Amino acid sequence: MDRYNLTGEYYLHPTPGGAYYATCRNTKETARSFLQRLLQQPETPALTVDMLKEWTGLNEHDGLEFIYRLQTSGFVQGMTTPLKAPEESIELVLPPLLTKLSDEGKAVLAEQRGLQLGAVGYTHEVTEELAALGADLASVQERHAGLLHNNLRTRAEGCGIVSASGYSEIGFWPLYLDVEHFILVVGGLPRFNQTAFTTLVWTLGVRYGHQK
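Residues numbered from 1 in each chain as written. Predicted model: local features only at pLDDT ≥ 70, side-chain atom pairs only at ≥ 80, totals over all residues. Heavy atoms only, no water.

Visitor: How should the pairing of strand β1 (residues 11–14) be read in this particular structure?
Guide: A regular strand places its side chains on the two faces of the sheet in alternate fashion. Residues Tyr11 and His13 point to one face of β1 and Leu12 and Pro14 to the other, with burial holding for every one of them. Inspection of the sheet shows β1 paired to strand β2 (residues 76–79) by four bridges, in the antiparallel sense. Looking across to β2, one finds that Tyr11 is bridged to Met79. (Buried < 20%, exposed > 50% of the residue type's maximum accessible area, 1.4 Å probe, protein only. Helix = DSSP H or I, 4+ residues; strand = E, 2+ residues; numbered from the N terminus. Pairing = 2+ DSSP bridges.)

Below is the structure:
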């Protein structure tokens, strides 16, 4: 039987891939719940056996194996020093993060009823309409989740407005955090594989999450 050990003092933080996996669906499972809990902490927690036992309900061996699986999947990383979530108002935090998530510098973040929380690159009128459209599309996605995820087994979590060549001109992605639901609208190509995406989700998790 494999044995797992902590080899140093580390602070656990999701990668961009982990932040995406945590929020792309609202289905409950251990890895997703663990990652969401990480994203609701104002400061990266120290990785300890006691922490793993408390958060997962697993024994020491299974808890360490669980973290190993998350790490090999590219969902978590060990930081040598703790990080703190942004403390500025969300109105100040969102614009520079949203800019980095689009190759065109155009993005909108809205809550599930279509109220926009932040936007860059679009006029005010377009921003409001995109936020409302995103809410409508998210509702359609939820109603047909069984078809998309179970029957068709699609790996895509968002939907897009595409050109005849298949190029996505505007994409819409759901972000689920506990009982909250957001929609991220991105013009052009999305750039989620970077720290800005993790920080965006972390900011939302700290402000709107309900887990302890």
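Visitor: Even after reading the chapter, I still don't get the sheet that holds strand β7 (residues 180–187), so can you show me in this structure?
Guide: Neighbouring strands of a sheet are bound in pairs by backbone hydrogen bonds; such pairs are parallel or else antiparallel. Strand order in this open sheet of five strands is β4-β3-β7-β6-β5, and the pairing throughout is antiparallel. This sheet does not close on itself; its edge strands, each paired only once, are β4 (116–120) and β5 (159–162). Taken over all neighbouring pairs, the strand axes of this sheet differ in orientation by 10° on average, direction set aside. Here β5 pairs with strand β6 (residues 168–177) via four bridges, running antiparallel. For Ile161, the partnering residue across the bridge sits in β6 and is Ile170. Across the sheet, helix α6 (residues 124–143) touches β3 (107–111), β4, β5, β6 and β7, and the angle it forms with β6 is around 65°. (Axes fitted to C-alpha atoms, helices over the stretch in contact; angles between N-to-C directions. Contact = heavy atoms within 4.5 Å.)

Visitor: I'm lost on helix α8 (residues 195–208) in this one. Help?
Guide: An α-helix turns once per 3.6 residues; consequently, residues spaced three or four apart project the same way. Here α8 is 14 residues long and its end C-alpha atoms lie 20 Å apart, about the 20 Å a rise of 1.5 Å per residue gives. The buried fraction of α8 amounts to 10 of the 14 residues, a majority that puts the element mostly inside the structure. Among the residues making up α8, those that are buried are Ala196, Phe197, Thr198, Thr199, Leu200, Val201, Trp202, Thr203, Leu204 and Gly205. (Expected span 1.5 Å × (residues − 1).)

Visitor: Looking at this structure, how should I read the nonpolar core?
Guide: The nonpolar side chains of soluble globular proteins are, as a tendency, buried together. The biggest cluster of nonpolar side chains holds 42 residues, and the ones touching the most others in it are Phe34, Leu109 and Leu184. At six residues, α8 tops the list of elements feeding residues into this core. Excluding anything up to four places from it in sequence, Leu109 contacts Leu94, Leu98, Leu115, Gln116, Leu117, Gly118, Leu175, Phe182, Ile183, Leu184, Leu200 and Leu204. Counting nine residues, the second largest nonpolar core, distinct from the first, contains Val108, Leu130, Ala135 and Val185. (Core = buried A, V, L, I, M, F, W, Y, C linked by side-chain atoms within 4.5 Å.)

Visitor: Is there a simple way to think about α6 in this case?
Guide: Helix length check: α6, at 20 residues, gives a terminal C-alpha distance of 29 Å against a target of 28 Å (1.5 Å per residue), a fit within 8%. For α6, the set of buried residues is Thr127, Leu130, Ala131, Gly134, Ala135, Ala138 and Gln141. In an axial view of α6, the angular spread of the buried residues amounts to 140°, which keeps them on one side of the axis. Turned more than 90 degrees away from the buried face of α6 sit Glu125, Glu129, Asp136 and Arg143, all of them exposed. (Arc of directions from axis to C-beta.)

Visitor: Got a minute to help me understand the layout of surface pockets in this structure?
Guide: Remark: the empty space left among the atoms is shown by a probe the size of a water molecule rolled over them. Approximately 280 Å³ is the volume found for the largest pocket. In this structure, the largest pocket is lined by 15 residues; those nearest its centre are Asn5, Leu6, Leu47, Ile67 and Gln71. Put simply, the parts of the chain that give the lining of the largest pocket at least two residues each are α4 (60–72) and β2. Among the elements that line the lining of the largest pocket, the one with the most residues is α4, at four residues. Here the residues of the lining of the largest pocket sort into nine nonpolar, six polar and no charged. (1 Å grid on protein atoms, 1.4 Å probe; cavity = no way out; pocket = protein on both sides within 12 Å on 5 of 7 lines; lining within 4 Å. Points joined across faces, edges and corners; volume = space filled by probe spheres on them. Nonpolar A, V, L, I, M, F, W, Y, C, P; charged D, E, K, R; others polar.)

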